[in-house]
Amino acid sequence: MFSKELTVNCIKNENVKWATYLVQTANNYASSVRIKHNGYDMNAKSLLGVLSLNLSNGAVVTITADGTDEKDAVDAISNILTGKN
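Residues numbered from 1 in each chain as written. Predicted model: local features only at pLDDT ≥ 70, side-chain atom pairs only at ≥ 80, totals over all residues. Heavy atoms only, no water.

S.K.: Let's hear about the overall build of the protein: which residues, and what values?
M.R.: A count of helices and strands for the protein gives three helices and four strands. Each helix and strand of the protein, placed in order from N terminus to C terminus, yields the pattern β-α-β-β-α-β-α. Here the C-alpha atoms of the protein give a radius of gyration of 11 Å, agreeing with the 12 Å that 2.2 N^0.38 yields for 85 residues. Along the first, second and third principal axes, the C-alpha set of the protein runs to 35 × 25 × 25 Å. Taken over 85 residues, the protein has a buried fraction of 39%. Side-chain charges of the protein comprise 8 positive and 8 negative groups, with the mean position of each set lying 6 Å from the other. (Helix = DSSP H or I, 4+ residues; strand = E, 2+ residues; numbered from the N terminus. Rg over C-alpha atoms; globule rule 2.2 N^0.38 Å. Buried < 20%, exposed > 50% of the residue type's maximum accessible area, 1.4 Å probe, protein only. Lys, Arg positive; Asp, Glu negative; His and termini not counted. Charge placed at Lys NZ, Arg CZ, Asp CG, Glu CD.)

Dropping the structure here:
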């Protein structure tokens, strides 16, 4: 299991494109990928789950992955959420 805590900085004008891109990216990995925020723990491979977290810039989240490519999965999702990708 691999985890990383970070601050969200990717959301612009309440557009859900970032969430769609995040889910598509998470689905490219064999590992299970989860996002934790405000006591909620959602599957990063579910668009409804990601959107239900109601993330905004400045939110602190924890990305966790478990599987053969867990570090790569966490890094990819982290890059999206921090606006690096």
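Following the structure, the description resumes.
S.K.: Go over the sheet that holds strand E3 (residues 40-43), please, and point to the residues and values.
M.R.: One open sheet holds the four strands; their spatial order is E1-E4-E2-E3, and the pairing between them is antiparallel. Each having just a single partner strand, strand E1 (2-7) and E3 make up the two edges of the open sheet. On average, adjacent strands in this sheet sit at an angle of 25° to one another, irrespective of strand direction. Bridge count for strand E2 (residues 32-37) against strand E4 (residues 60-66) is five bridges, and the pairing is antiparallel. Each residue of the ladder has a partner; that of Lys-36, found in E4, is Thr-62. (Pairing = 2+ DSSP bridges. Axes fitted to C-alpha atoms, helices over the stretch in contact; angles between N-to-C directions.)

S.K.: Describe the nonpolar core, naming the residues involved and giving the relevant values.
M.R.: Residues Trp-18, Leu-22, Leu-55, Ile-63 and Leu-81 are the most contacted members of the largest nonpolar core, which totals 24 residues. Sorting the residues of this core by element identifies helix H1 (17-26), E2, E4 and helix H3 (70-81) as the ones contributing at least two each. If we ignore the near neighbours within four places in the chain, the residues touching Leu-55 are Val-8, Ile-11, Trp-18, His-37, Val-61 and Leu-81. (Core = buried A, V, L, I, M, F, W, Y, C linked by side-chain atoms within 4.5 Å. Contact = heavy atoms within 4.5 Å.)

S.K.: Outline the pairing of E4, listing residues and values.
M.R.: Pairing of E1 with E4, which is carried by six bridges, proceeds in the antiparallel orientation. The partner of Glu-5 across the bridge, within E4, is Thr-62.

S.K.: So what about the environment of Tyr-40? Which residues, and what values?
M.R.: Relative to the helices and strands, Tyr-40 resides in strand E3. Classification of Tyr-40 as exposed rests on a relative accessible area of 53%. Distance in space between the C-alpha atoms of Tyr-40 and Val-61 is 9.9 Å, their sequence separation being 21 residues. Excluding its chain neighbours within four sequence positions, the residues that come into contact with Tyr-40 are Ile-35 and Leu-53.

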